[in-house]
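Here is what each chain is made of, one letter per residue.
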Amino acid sequence: MVAITATDRNRLEGGAACVAGWKRFATLARVQRWEETDPIIRVYGNSAVVAYYFEMSFDMGGQTTQMGGRDLFFFVKEAGRWWAVADQFSSYPS
């Protein structure tokens, strides 16, 4: 898996690195609100693309952060299971 995040300068490579990044955020942040909007799902044989917009607020390091952005996942189906193989997350441009 490969992930591009808004907070990491370099891409995260491999499932372990991606899970560790999400786990780090989940450990440090207390999510107050998460809302996904306007999802789109496109399946192409054994591949799929999922995209949505989001709004969220979370507490971290004594501060509350409000942010919105978009997320794009790419999935591959192997042996009857869907696997996330790429994630591109970004906040809205200023």
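Residues numbered from 1 in each chain as written. Predicted model: local features only at pLDDT ≥ 70, side-chain atom pairs only at ≥ 80, totals over all residues. Heavy atoms only, no water.

Colleague: Run through unusual backbone geometry, naming residues and quoting values.
Modeller: The backbone of Asp-38 shows a phi angle near 50°, a positive value even though the residue is not glycine. Here Asp-38 is to be found in strand β3 (residues 30–44). Residue Ala-79 is not a glycine yet carries a positive backbone phi of 50°. By secondary structure assignment, the location of Ala-79 is in the loop between β5 (63–78) and β6 (81–91). On the accessibility criterion, Ala-79 (84% relative accessible area) is exposed. (Helix = DSSP H or I, 4+ residues; strand = E, 2+ residues; numbered from the N terminus. Buried < 20%, exposed > 50% of the residue type's maximum accessible area, 1.4 Å probe, protein only.)

Colleague: Describe the nonpolar core, naming the residues involved and giving the relevant values.
Modeller: Counting residues in hydrophobic clusters, the biggest one holds eight residues: Ala-29, Val-50, Tyr-52, Phe-54, Met-56, Phe-58, Phe-73 and Phe-89. At five residues, the largest contribution of residues to this core is made by strand β4 (residues 47–60). The residues touching Phe-54, leaving out its near neighbours within four places in the chain, are Trp-34, Glu-35, Glu-36, Met-67, Gly-68, Gly-69, Arg-70, Phe-89, Ser-90 and Tyr-92. (Core = buried A, V, L, I, M, F, W, Y, C linked by side-chain atoms within 4.5 Å. Contact = heavy atoms within 4.5 Å.)

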